Amino acid sequence: MTTHSPQSCATCARKDCRLSFVSRDIAPVAERVAWVVDRAWPEYRRFAAAQMKPEDQLLSPGLFGRRLDAYNWPAGEVRAGMATLQRHLMLRQVATARGSVRQAAYLKADEALAAALARHIDYRAQHLVISQVFLPYLWRDGALGGRSFDVLMTRYPLAELHARLDEVAIGHADSTTIADFRAPDALVEQEAEALSAARRIVTPHHDIAEGFGERAVWLDWDQPAPRTRRKGMRTAFLGPVITRQGAHTVREMAKYLAQPLIVFGAELEGADFWGAVPVERRSFGPGWLDDIAAILHPAVVTHEPRRLVEAVAHGVTVYAAPSCGLAPGQYRLLDLYTEA
């Protein structure tokens, strides 16, 4: 007895059948790239505009069909309305809470958004481009199975972030802020696994790109429009006044300045942190760079250095470590752990 294995239109070689795509002059279903994205950094907007094809899919958060400024991508579908609303309400509730409380809220909101957006990924998408905040959840839930993917990196990997903070904590056990954020171990492992499987890592952050070698796609930081400013010889610290921003190092260095240190940002290490060191407190605004010749930025991590980019574009010298995110030659090296 002759047996035949089951056939389908995908495996059958007949072309004279009335159901055949060929005989009906119907093109096969085209593959798509799905972009599952969060906040629209200008660097990633340009990247998406250059890379996306008309048939690609872009999924971003929004409020029930309304595209918010934070998610102003060049095209795509606005999804996850309820999860987006809940994220913004939650972040408003924790705006003045401790860093650990805020970070836990961020992670919870990211997880809900990832799940909501994943439900709309087109089944034809064989390759994905994913914002980093959604990566560990999509990996954990199996949305990346059998697909290749690129990652839009907006911060250091969690494992490296923890290691950097822990290293600084050794020398600042009395800090009230250095232990503010640690992600759950499972999330750290899931992100690490996903990053190891990623095809490309896309980022404007030079130091993050360096960590991924040939897989990295390095974008240029968006450059601000030049404007007139009053030049001077003052030194500034961008803050906030917090251990991971290098506040202790700056405090020691500021003792030797001829003029008071200009300080931006909240005093999160306590109102008396500066002690006898003379400081001038200033807020960001149109003239925030007036009188400033140099910025001290010994931060452990800087994920989105837009103020530094603006300062360099206006002729201000930035003293920082590679973790500032700028390209070599755009800053002068400053040892994170040097005490003056």
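Okay, so let's go over this structure. As the structure is a computational prediction, the values presented were derived from the model and not from experiment.

Here Arg281 lies in strand 10 (residues 279-281). Judged by relative accessible area, which is 51%, Arg281 ranks as exposed. Among the polar contacts made by the side chain of Arg281, one reaches the side chain of Glu267 at a distance of 2.9 Å.

Running from N to C, helix 2 (residues 81-93) and helix 3 (residues 99-118) cross one another at 175°; their axes reach a closest spacing of 9 Å. With respect to helix 3, the element helix 2 is oriented roughly antiparallel. Facing helix 2, whose interface residues are Ala83, Thr84, Arg87, Met90 and Leu91, helix 3 presents Ala105, Tyr106, Lys108, Ala109, Asp110, Ala112, Leu113 and Ala116. The residue inventory of the contact of helix 2 with helix 3, partitioned by class, reads nine nonpolar, one polar and three charged.

Taken as a whole and assessed by the stated rule, the structure comprises nine aromatic pairs. Aromatic ring contacts, followed pair by pair, group Trp41, Tyr44 and Trp221 into a single cluster. Above the ring of Phe284, the side-chain terminus of Arg307 is found at 4.0 Å from the ring centroid.

Strand order in this open sheet of seven strands is 3-2-1-4-5-6-7, and the pairing throughout is parallel. The strands lining the two open edges of the sheet, one partner per strand, are strand 3 (77-79) and strand 7 (216-218). The average undirected angle you get between the axes of adjacent strands in this sheet is 20°. Packing against the sheet, helix 3 makes contact with strand 1 (32-36), strand 2 (57-61) and strand 3, and its axis sits at approximately 145° to strand 2.

All right, on to the pattern of salt bridges then. By the definition in use, this model includes 25 salt bridges. The salt bridge involving Asp141 is made with Arg140; its shortest N-O contact spans 2.9 Å. Among the charged side chains, a salt-bridge network with shared partners connects Arg230, Arg234, Glu280, Arg282, Asp290 and Asp291.

Moving on, we get to helix 8 (residues 247-254). Most of helix 8 sits inside the fold, with six of its eight residues counted as buried. Buried within helix 8 are the following residues: Ala247, His248, Thr249, Val250, Glu252 and Ala254. In this structure, the buried residues of helix 8 make contact with strand 8 (234-237), strand 9 (261-263) and strand 11 (292-297).

Definitions and cut-offs
- Residues numbered from 1 in each chain as written.
- Predicted model: local features only at pLDDT ≥ 70, side-chain atom pairs only at ≥ 80, totals over all residues.
- Heavy atoms only, no water.
- Helix = DSSP H or I, 4+ residues; strand = E, 2+ residues; numbered from the N terminus.
- Buried < 20%, exposed > 50% of the residue type's maximum accessible area, 1.4 Å probe, protein only.
- Polar contact = N/O pair within 3.5 Å; in protein donor to acceptor, adjacent residues only side chain to side chain.
- Axes fitted to C-alpha atoms, helices over the stretch in contact; angles between N-to-C directions.
- Parallel < 35°, antiparallel > 145°, perpendicular 65-115°, else oblique.
- Contact = heavy atoms within 4.5 Å.
- Nonpolar A, V, L, I, M, F, W, Y, C, P; charged D, E, K, R; others polar.
- Phe/Tyr/Trp six-rings, centres within 6.5 Å; stacked < 30°, edge-to-face > 60°.
- Lys NZ or Arg CZ within 6 Å of the ring centre and 35° of its normal.
- Pairing = 2+ DSSP bridges.
- Salt bridge = Lys/Arg side-chain N within 4 Å of Asp/Glu carboxyl O.

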